[in-house]
Amino acid sequence: MSVVKKPENKESQFRDKLATVDSKGKRIWVYPKKPKGRYTNYRTWLSYVYFLILFGLPFIKLNGEPLVLLNIPERNFIIFGMHFGPQDFYLFAIGMLILLVFIILFTVVYGRLFCGWICPQTVFLELMFRRIEYAIEGDHNEQRKLSVAPWDTNKIIKKVSKHIIFFVLSVIIANTFLAYIIGIDEVKKIITEPLSQHFGGFAAMLIFSAVFYYVFASLREQVCITICPYGRLQGVMLDDKSLVVAYDFVRGEPRGKIKKSMAKPAPLAATSVKTTAANADVSQDYFDSMKEQVLGDCIDCSLCVQVCPTGIDIRNGTQLECVNCTACMDACDEVMDKIERPRGLIRLDSIEGITQGKRHIFNARTIGYSVVLFVLIGIEVLLFALRSDVDVLFLRAGGLLNQRNEDGTISNLYNYQLDNKTSKDLHIEFKLLDPAVGTFEFVGNVQPEVAKNSHGKGTVFIKIPEEKLESGKNKIVIGVYSDGELITKVKTTFFGPIK
Ligand code: SF4
Ligand code: SF4
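Here the structure is a predicted model, which means the values were calculated and not measured.

Q: Looking at this model, I keep getting lost on the sheet that holds strand β4 (residues 76-79). Mind explaining?
A: Taken together, 3 strands build an open sheet; the order of strands is β3-β4-β5 and the sheet is antiparallel. Lying at the two open borders of the sheet, with one neighbouring strand each, are β3 (68-71) and β5 (82-84). Put simply, the sheet's adjacent strands are angled 20° from each other on average, direction ignored. Note that β3 and β4 share 4 bridges and pair antiparallel.

Given below as structure tokens:
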């Protein structure tokens, strides 16, 4: 993986070990300082929208059905009112490819921003569970003290109440995820009806709850560091042009505490060049004044390390553990404000941006991925457009020849299959479109009907006047109607008499 090179004069063993594991292989518990600042505020607001959608979606119904249902065991999927089943696997496969290419493209351009801002693991941990922890146990120093304090009443109350809340939240999250799989009505039944009627569902709920509780109360950042496959792929996806949370070592080094005798840089207000935290462009005046200083902008306060939920020091360079949560950016910006230096010493930037002041998001790699992505999206859209709500299959009954009838028609026997992907029961009618004359005679007089989101099948004789047929194989087109509306057409072969 390309990384921002760390300064030569610093010890360089940090890549040989995990920040959260000591030399004996024992886990080092991370007590991150409570982050605050504008990026934290953005994430907090985003999390509110996120929770609203995630917890609200299972309750929304369309025509009496869930808006979104991902019933994997029964291979029944509803996405915004559209039904998908095993027959739509090709759409699912292309959808997965699109997702994969999108993730690669997004990561190549924006690094691991998904991890810190969108991934449920981070959003739940940092913006739900960790917030409760801060509220009950206090900030990082109080948490540290509490962890080594004797088990007195205060500690028992804090720890027990925290874990009860954690477990209740885990149960709510588990139920929500279950609602996406089996639907909210089934979840309600599991909760309200006798346990004996829903033992399997109850067991699933309990297992999900226990897993979520373990992940958010104990495993925490280890999921991102050691388990998540996406995290493991960063090394091959990031390059010098990818935007990552990065420390500007050009500006920051050599780091050191500010001494009163040091020259203060020219005030930013007096400069003409735009200064923002995002790009930290600074004026020539500023750099001129910085040259007079021996030290860089980093005052080595370690606040960026203290707020890091994965326990790393971003000043060492891009690291696998960094989930791009931007907490260190907020912490450092606050420091820069206090010492009256430009924000953005730690910022979202590429290695090229830091070392050369250049940002080239569009390069051969990103353009290549973009082309592949657009082609895949185009194919998916096309397949969606061609997809009918009802799949119909007509197969001639094997081993049977055609039959000449007294009324001058020739009949062939067919087995048909219907697949209703809509949310309403369908009363199906078949009509011959080519040739436009002919009749359908259902075996056992069973009319084709198929309930919503299910399959149906039957057997039917198709009768066509002999004069409309050519000798041997004929291609015929059958129109499939529901409530008088043509929903799809099916082509099949019809055997006429050999002339
Ligand atoms: S280094 Fe910064 S962005 Fe990366 S995980 Fe730590 S605090 Fe978050
Ligand atoms: S918060 Fe900023 S100034 Fe403080 S140690 Fe980190 S990079 Fe240096």
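Now that the structure has been shown, the text picks up again.
Q: Help me out: how do you make sense of unusual backbone geometry in this one?
A: Negative phi is the rule for most residues except glycine; trans is the rule for most peptide bonds. In this structure, Pro 254 follows Glu 253 across a cis peptide bond, with omega equal to -10°. Looking at where Pro 254 falls in the secondary structure, it is placed in the loop between α12 (249-252) and α13 (284-291). With a phi angle near 70°, Thr 326 is a residue other than glycine that sits in the positive phi range. Inspection of the secondary structure assignment puts Thr 326 in the loop between α14 (303-306) and α15 (327-338). The phi torsion at Asp 483 lies on the positive side, around 50°, for a residue other than glycine. Turning to its location among the elements, Asp 483 is positioned in the loop between β15 (472-482) and β16 (485-496).

Q: Help me understand the packing of helix α6 (residues 153-182) against helix α8 (residues 199-219) in this model?
A: Taken N-terminus to C-terminus, the directions of α6 and α8 make an angle of 130°; their axes are 8 Å apart at the nearest point. Here α6 lies oblique to α8, going by the angle between them. Note that α6 runs across α8; the crossing there is right-handed. Residue-level inspection shows His 163, Phe 166, Phe 167, Ser 170, Val 171, Ile 173, Ala 174, Asn 175, Phe 177, Leu 178 and Ile 181 of α6 in contact with α8, the latter providing Gly 201, Ala 204, Met 205, Phe 208, Ser 209, Phe 212, Tyr 213, Phe 216 and Ala 217.

Q: Honestly, the layout of surface pockets in this entry has me stumped. Any pointers?
A: Left-over empty space is what a probe sized like a water molecule reveals as it rolls over the atoms. What the largest pocket holds in volume is close to 1,300 Å³. Taken together, 32 residues make up the lining of the largest pocket; nearest its centre are Leu 70, Ile 79, Phe 92, Met 96 and Leu 99. When residues of the lining of the largest pocket are traced back to their parent elements, those giving at least two are α1 (38-56), β3, β4, β5, α2 (89-110), α11 (234-237) and α17 (364-386). Of the residues forming the lining of the largest pocket, the biggest block, 9 residues, is contributed by α2. Partitioned by chemical class, the residues of the lining of the largest pocket number 27 nonpolar, 2 polar and 3 charged. When its volume is computed, the second largest pocket comes out at roughly 360 Å³. Forming the walls of the second largest pocket are 20 residues, and the residues nearest its centre are Cys 119, Pro 120, Gln 121, Phe 212 and Val 223.

Q: Would you explain the sheet that holds strand β11 (residues 426-434) in this entry?
A: Sheet strands line up and pair through hydrogen bonds in the backbone, either parallel or antiparallel. Reading across from one edge, β13-β11-β15-β16 is the order of the 4 strands in this open sheet, with antiparallel pairing throughout. The open sheet has two edge strands, β13 (449-450) and β16, and neither has a second partner. Relative to β13, β11 runs antiparallel, the two sharing 2 bridges. Within β13, the position partnered with Leu 426 by the bridge is Val 450.

Q: So what exactly am I meant to see when it comes to a positive patch on the surface here?
A: There is a patch of like positive charges on the surface, built from Lys 473, Lys 475, Lys 489 and Lys 491. Of all the elements in the fold, those that place two or more residues in the positive patch are β15 and β16. Within the secondary structure, Lys 473 is located in strand β15. With a relative accessible area of 57%, Lys 473 lands in the exposed category.

Q: Is there a simple way to explain the site of ligand 1 in this structure?
A: Ligand 1 sits among 13 residues. The nearest are Cys 308, Cys 322, Cys 325, Thr 326 and Cys 328. Its residues placed into classes, the shell around ligand 1 shows 10 nonpolar, 3 polar and no charged.

Q: What should I look at first to understand a nonpolar patch on the surface in this one?
A: The grouping of Phe 89, Phe 92, Met 96, Leu 99, Phe 102 and Ile 103 at the surface amounts to a nonpolar patch, some 580 Å² of accessible area in total. Note that Leu 99 resides in helix α2. Residue Leu 99 is classed as partly exposed on the basis of its relative accessible area, which comes to 42%.

Q: What am I meant to see in α2 here?
A: In an α-helix, one full turn covers 3.6 residues, which means residues spaced three or four apart are oriented alike. With 22 residues, α2 ought to run about 32 Å at 1.5 Å a step, and its terminal C-alpha atoms sit 31 Å apart, in line with that. Leu 91, Ile 94, Ile 98, Val 101, Leu 105, Thr 107, Val 108 and Val 109 are the residues of α2 that are buried. Turning to α2, the residues buried within the fold contact β5, α10 (229-232), α11 and α17. Positive backbone phi, approximately 65°, marks Gly 111, located one or two places after α2.

Q: Can you help me understand the pairing of β11 in this one?
A: The pairing of β11 with β15 spans 6 bridges and is classified as antiparallel. Its bridge partner being in β15, Glu 429 is matched across the sheet by Tyr 481.

Q: Help me understand the pattern of salt bridges in this model?
A: Opposite charge on two side chains permits them to pair, given that their charged atoms come into close proximity. Under the definition given, this model contains 25 salt bridges. Residue Glu 334 pairs with Lys 338 through a salt bridge whose shortest N-O separation is 3.5 Å. With Glu 334 and Lys 338 both in helix α15 and 4 residues apart, the pair spans about one turn of that helix. Note that Arg 347 is salt-bridged to Asp 349, the shortest N-O span being 2.9 Å. The buried category is assigned to Arg 347, whose relative accessible area is 4%.

Q: Is there a simple way to explain the packing of aromatic side chains in this structure?
A: What describes a pair of aromatic rings is the distance from one ring centre to the other and the angle between the planes of the rings. Taken as a whole and judged by the stated rule, the model has 24 aromatic pairs. Taking the centre distance of 6.3 Å and the plane angle of 5° together, the rings of Phe 212 and Phe 216 count as stacked. Residue Phe 212 and its partner Phe 216 are both found in helix α8; the two are separated by 4 residues, about one turn of the helix. Summarising the burial analysis for this pair, Phe 212 and Phe 216 share the class buried. An aromatic cluster is present here, built from Tyr 50, Phe 51, Phe 55, Phe 124, Phe 129, Phe 166, Phe 177, Phe 212 and Phe 216 joined pairwise through their rings. The ring of Trp 151 is capped by Lys 155, whose NZ or CZ atom sits 4.5 Å from the centre of that ring. Over the ring of Tyr 481 we find Lys 431, and its NZ or CZ is 4.5 Å from the ring centre.

Rules used throughout
- Residues numbered from 1 in each chain as written.
- Chains lettered and ligands numbered in written order.
- Predicted model: local features only at pLDDT ≥ 70, side-chain atom pairs only at ≥ 80, totals over all residues.
- Heavy atoms only, no water.
- Pairing = 2+ DSSP bridges.
- Helix = DSSP H or I, 4+ residues; strand = E, 2+ residues; numbered from the N terminus.
- Axes fitted to C-alpha atoms, helices over the stretch in contact; angles between N-to-C directions.
- Parallel < 35°, antiparallel > 145°, perpendicular 65-115°, else oblique.
- Left-handed = near helix turned anticlockwise from the far one by under 90°.
- Contact = heavy atoms within 4.5 Å.
- 1 Å grid on protein atoms, 1.4 Å probe; cavity = no way out; pocket = protein on both sides within 12 Å on 5 of 7 lines; lining within 4 Å.
- Points joined across faces, edges and corners; volume = space filled by probe spheres on them.
- Nonpolar A, V, L, I, M, F, W, Y, C, P; charged D, E, K, R; others polar.
- Patch = residues over 30% accessible without salt bridge, like charges linked within 9 Å, V, L, I, M, F, W, Y side chains within 5 Å.
- Areas by Shrake-Rupley, 256 points an atom, 1.4 Å probe, with all protein chains shown as cover.
- Salt bridge = Lys/Arg side-chain N within 4 Å of Asp/Glu carboxyl O.
- Lys, Arg positive; Asp, Glu negative; His and termini not counted.
- Charge placed at Lys NZ, Arg CZ, Asp CG, Glu CD.
- Buried < 20%, exposed > 50% of the residue type's maximum accessible area, 1.4 Å probe, protein only.
- Near = heavy atom within 4 Å.
- Expected span 1.5 Å × (residues − 1).
- Phe/Tyr/Trp six-rings, centres within 6.5 Å; stacked < 30°, edge-to-face > 60°.
- Lys NZ or Arg CZ within 6 Å of the ring centre and 35° of its normal.

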